[in-house]
Amino acid sequence: MSDTADTTTVLHVDDDPAFTELVATQLEREDERLTVRTATSAADGLALLDDGDVDCVVSDYDMPGQNGIEFLAAVRERHGPLPFVLYTGKGSEEVASEAISAGVTDYLQKGTGSDQYTILANRIGNAVSARRSADEAERRRRRLEETTARLEVLFEDSPDMVNVHDASGSILDPNAKLCEATGYEHDELTGMKVWELDRTLTPAQAANIWEEMAVGDSRRFESTYERRDGSTFPVEVHLKRLDLEGADRFVAISRDVSEQRARERQLERSEHRYRALAGNLPNGAVLVFDTELRYLSADGGLFSRPGVDRETYVGNRVDEVFEGETRATKREMYEATLDGETCQRRVAYEDLVFRVYTIPVRDDGGAVFAGIVMTQDITERVERERKLEQLRERTQELMYTETVEESTGYAVAAADEIIDAPLSGIHLLSDDGSALEAVAVADSVPDVFPDPPRFERGGAPGSRAALVWEAYRSGDPVSVDSLSDSDRVTEESPAESVAVYPLGDHGVFIISSKAPQAFTDTDRLLAEILANNLEATLDRVDREQTLRTRENRLGLLHEATRDLIRADSTREVTERIAEAAEEILGFSLTVVRLYDADEGGLVPVAQTDQVDDVLPERPLYTPDDDSVNWETYESGTVRIIDDIETFDDVADKGTGLRSVMLLPMGEFGTISVGETVPRALDDTDEFLARILATAGETALQSRAQRADLQSRQAALQRQNERLEEFASVISHDLRNPLNVASLNLELVAEECDSEHLDGVERAHDRMAALIEDLLTLAREGQTLSEVTNVELAPLVANCWRSVDTRGTSLVAETDRTIRADQARLRQLFENLFRNAVEHGNPGDGHDAAATGSQDATTDGDGSATDAGLTVTVGDLPDGFYVADDGRGIPESARDQVFETGYSTSADGTGFGLSIAEQVADAHDWSIRVTESEAGGARFEFTGVETATE
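Computed from a predicted structure; not experimentally measured.

What counts, and where the lines are drawn
Residues numbered from 1 in each chain as written. Predicted model: local features only at pLDDT ≥ 70, side-chain atom pairs only at ≥ 80, totals over all residues. Heavy atoms only, no water. Helix = DSSP H or I, 4+ residues; strand = E, 2+ residues; numbered from the N terminus. Buried < 20%, exposed > 50% of the residue type's maximum accessible area, 1.4 Å probe, protein only. Contact = heavy atoms within 4.5 Å. Areas by Shrake-Rupley, 256 points an atom, 1.4 Å probe, with all protein chains shown as cover. Salt bridge = Lys/Arg side-chain N within 4 Å of Asp/Glu carboxyl O. Pairing = 2+ DSSP bridges. Axes fitted to C-alpha atoms, helices over the stretch in contact; angles between N-to-C directions. Arc of directions from axis to C-beta. Patch = residues over 30% accessible without salt bridge, like charges linked within 9 Å, V, L, I, M, F, W, Y side chains within 5 Å. Lys, Arg positive; Asp, Glu negative; His and termini not counted. Charge placed at Lys NZ, Arg CZ, Asp CG, Glu CD. Parallel < 35°, antiparallel > 145°, perpendicular 65-115°, else oblique. Left-handed = near helix turned anticlockwise from the far one by under 90°. Nonpolar A, V, L, I, M, F, W, Y, C, P; charged D, E, K, R; others polar.

Enquirer: Lay out the overall build of the protein chain with the relevant residues and their values.
Expert: Regarding its fold elements, the protein chain presents 26 helices and 34 strands. A total of 949 residues make up the protein chain; the buried ones form 42% of that total. Partitioning the contacts of the protein chain with sequence separation of at least 6, the portion at a separation of at least 24 is 57%. Element-wise, carbon and sulfur atoms account for 45% of the exposed surface of the protein chain, whose accessible area totals about 49,900 Å².

What follows is the structure, encoded as structure tokens:
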């Protein structure tokens, strides 16, 4: 709705444009406060409502698209209770009822006379007034809720003093802050009169104030509260009159303004500040100028300099005092100050640099009538900033140094260049900690000190060494402006001024000069900053060097690990462990122990050369010794002792050994490393030693496995030799007599005809088959010659043709290529095919067995046959199968068919399936016998590797 109640915006929606214009004209004529906007459809009307404030909608009922009721529903949905008058020519009870049900504000039927516009204007005014009254009532309700909520917050959380009192002055509810500030308890303040607390207020004055305030009015005044102990303090009181649920109440919010009053008293003295400031501003001056940029006064220490006098300024305008760029800068600042701005600039004048502040001066009305200039010579500060910038650039260079020499060289050069310290030097702690040795000195140092200064630990009092070590030990800088006048150094020295800055644990940074009082505070500050940065740089270089050392050691340790694995014996493994510990990790004292079951403990088997020089003969450690070494072996955890001299009942105590680390090597033993100084082993040492111990354990484990493998290989070789001997016996001693018997049988058959000769021939054939199978078992065993890619389909066909199939059929349902030894795989298929023909034919009277694989059906020449037995070779997800449709193998006999010599045929050797199993085992395949889909035997081979392209 409109923000003001003086005007009312009406939206008239009617599909007759001429009528809307007429109504707009008439309504604005009836009431000049009305402004009418028009639309010819409900959609256009909604768009106008969305675009701007409208106080009331007047709409026709019968319109194209949405009718008036539907338009009303849309208005209610999007704009809530906006007054809506249905002004229609279609008057009926039905329409009126529907409009009322839809929430219409008023309903008016179009007429023919002009008085209808008066009625309509009146209806609009009433509807808008009612809506505004309702909105105002809602706003008052919300304000009351907000006021109540704020009061609750004031009482609960306000940092100010709050009390509620009635029109009689009785305090009804004080908050905790008021009780705390005045020293009263809550019950003591409750019921007290406000003038008993506010000693500047009388009952009559209070009554007058309250009578002048209406509900909702506020008053602000200053007063004084009296505490329970009689002391007083100034307060600022904000009083508000409220109607709280019908009760007339006053809320007083008070704030202690003791500090504010003190600040005000300070402000009263502000007019005197600038004069006082002028006399105390170092290297500066305070000037006052008027609106004509004329200097009215000039004071300050700057005017005590030669050639600088007040008369040059006072009474003269800025244009008369300065020239060129300086004059332009100052004029710009002064004019901005007279416009009410505070300015600050750096201004160069001759060879000096000044910092200039300008501040506007206002009268009681707030108008600027003058300006104050505070100027200070900051030439030294600018020079210091220049040096700091140089130092920043130098310290950035330190961020990229890689060695101690490079870092200290940069620092010394920076000190000479920036601080003008020609006798600077950096001295770092020696390896043995006995002295601080020069590692970098300024170029002029050799001209003054023929030998680089070296400061021994424990220097005599008064010596230069004592002064330097004092700074190193304390961690605080030491500075002497004149050594010749100081009793701190009595030793003769070519330097007069000296400052020593510690560099943490690294050493010290010394700046010195042959002149006394050579270094300013700025120089000392810069030197300290440089020293701090150098210390951080040396820390970084140490860390990076440690990382490089660790990486280098890791690389060497990796090579050593390979050597450990390649060692030919356990003794060689342990000796290489000791060598790696000394040569790569730097452990001078290392002992490797292995557990010996026969000895019942950890036996020393390898050690570094220095062990015999430092330690007594290394003992055997057993579970009964209660030693740290055995404890490490048994627990499997690393143990580090920083100093064995601090432990009781520890082996090697008193021998010179101080730092010890013990590392387990699994079930094999331990590694002991040590040094003759305490706390010599850090995290890097432990990290690398753990790697060495793990590598040693792996090498010993590998060596044990190789020894076991070699033992097994030797046993297998002996077994193969016995089998070869056995095969020779079979081949020579059995086959030769059989050949003789077969030849004689042929001769006998030529001389006579006997029915018994066929039985003898069959016996000879069976003996020959037994000999061949025995030779295969003995000579081939579970070894493979060459594993290649083998296509199953052609191999199966070739094997089928090489076996007497007696008119049976082969179905090969595979196009798979596998990885196998082709010769051994041929043995597998031929024995399975032979087994199927001999045992699986339904007409042979024996139990059946079968195996197979490939996409061909053949009787040996590739064509299908109508024989009674069919052998099928097919694929499995990870292998192949050979199946037949013969008699099958009883489930009770399936565990026995692979046993050597087992056969259900009088003519069988009992070796065929054993050979098939042997070939499968040699390839690491699994073999299983089950029943085929046709009821015959099925042999499944799984775990078979398929050849890749």
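Picking up after the structure, the text goes on.
Enquirer: If you had to explain the pattern of salt bridges to someone new, which residues and values would you point to?
Expert: Summed over the entire model, instances satisfying the criterion amount to 39 salt bridges. The partner of D55 in a salt bridge is R132, and the shortest N-O contact between them spans 3.5 Å. On the criterion of sequence distance, the pair formed by D55 in the loop between helix 2 (42–51) and strand 3 (56–59) and R132 in helix 5 (residues 115–157) is long-range, its members being 77 residues apart. There is no split in this pair, since D55 and R132 are both buried. E437 serves as the salt-bridge partner of R454, at 2.1 Å between the closest nitrogen and oxygen. Of this pair, R454 sits in strand 18 (residues 454–456) while E437 sits in strand 17 (residues 435–441), and the two are 17 residues apart along the sequence. In this structure E437 comes out as partly exposed when scored by relative accessible area, which is 32%. Within the structure, one salt-bridge network assembled from shared partners comprises D14, D60 and K110.

Enquirer: Describe the sheet that holds strand 2 (residues 34–39), naming the residues involved and giving the relevant values.
Expert: Ordered by their spatial adjacency, 5 strands build an open sheet running 2-1-3-4-5, and the pairing between neighbours is parallel. Each edge of the open sheet is held by one strand with a lone partner, namely strand 2 and strand 5 (106–109). Each neighbouring strand pair of the sheet contributes to a mean axis angle of 20°, computed without reference to strand direction. In this sheet, strand 3 lies alongside strand 1 (residues 8–13) in parallel orientation, the contact comprising 4 bridges. In the sheet register, V13 faces strand 3, and the bridge partner there is S59. Against the sheet, helix 1 (residues 17–30) makes contact with strand 1, strand 2 and strand 4 (84–88), and its axis sits at roughly 175° relative to strand 2, the strand it touches most.

Enquirer: Before we move on, could you go through helix 2 and cite the residues and values that matter?
Expert: Along helix 2, the positions that sit buried rather than exposed are A42, G45, L46, L48 and L49. All buried residues of helix 2 lie within an arc of 160° about the axis, which places them on one face of the element. The exposed residues of helix 2 that point more than 90 degrees off its buried face are A43 and D51. Buried residues along helix 2 sit in contact with strand 1, strand 2, strand 3 and helix 3 (68–79).

Enquirer: Which residues make up a negative patch on the surface, and what values do they have?
Expert: A surface patch of negative charge is lined by D609, D612, D613 and E617. Following the sequence through the fold, D613 ends up in helix 20 (residues 610–614). Accessibility expressed as a relative area gives 66% for D613, which makes it exposed.

Enquirer: Quick one: what's the story with the packing of helix 2 against helix 3, residue by residue and with numbers?
Expert: Contact pair helix 2 / helix 3: the axes reach a minimum separation of 10 Å and the direction vectors enclose 20°. Put simply, helix 2 runs roughly parallel to helix 3. Crossing geometry of helix 2 relative to helix 3 is assigned as right-handed. Taking contact as the criterion, the partners of A42, G45, L46, L49 and D50 in helix 2 are, on helix 3, F71, A74, V75, R78 and H79. For the contact of helix 2 with helix 3, a count of residues per class yields 6 nonpolar, 2 polar and 2 charged.

Enquirer: Run through the sheet that holds strand 24 (residues 639–641), naming residues and quoting values.
Expert: Spatial ordering of the open sheet is given by 23-22-26-25-24, a layout of 5 strands whose pairing is antiparallel. Of all the strands in the sheet, the pair left with one neighbour each is strand 23 (601–607) and strand 24. Strand-to-strand twist in this sheet, taken as the mean axis angle between neighbours without regard to direction, amounts to 20°. In this sheet, strand 25 (residues 659–665) lies alongside strand 24 in antiparallel orientation, the contact comprising 3 bridges. Opposite I640, over in strand 25, you have M661 as the bridge partner.

Enquirer: Describe in detail the pairing of strand 16 (residues 425–429), supporting the description with residues and values.
Expert: For strand 16, a buried count of 4 out of 5 residues is recorded, marking the element as mostly surrounded by other parts of the structure. Relative to strand 17, strand 16 runs antiparallel, the two sharing 5 bridges. Each residue of the ladder has a partner; that of L429, found in strand 17, is L436. Between the antiparallel neighbours strand 16 and strand 17 lie 5 residues, among them G433 with a positive phi of about 75°.

Enquirer: Help me get a handle on the packing of helix 18 (residues 521–566) against helix 19 (residues 570–583), residues and values and all.
Expert: Between helix 18 and helix 19, the shortest axis-to-axis distance is 9 Å and the interhelical angle comes to 165°. With respect to helix 19, the axis of helix 18 lies roughly antiparallel. Relative to helix 19, the crossing made by helix 18 is right-handed. Only V573, R576, I577 and A580 of helix 19 make contact with helix 18, whose side of the interface consists of A560, D563, L564 and R566. In the contact of helix 18 with helix 19, the residues fall into 5 nonpolar, no polar and 3 charged.

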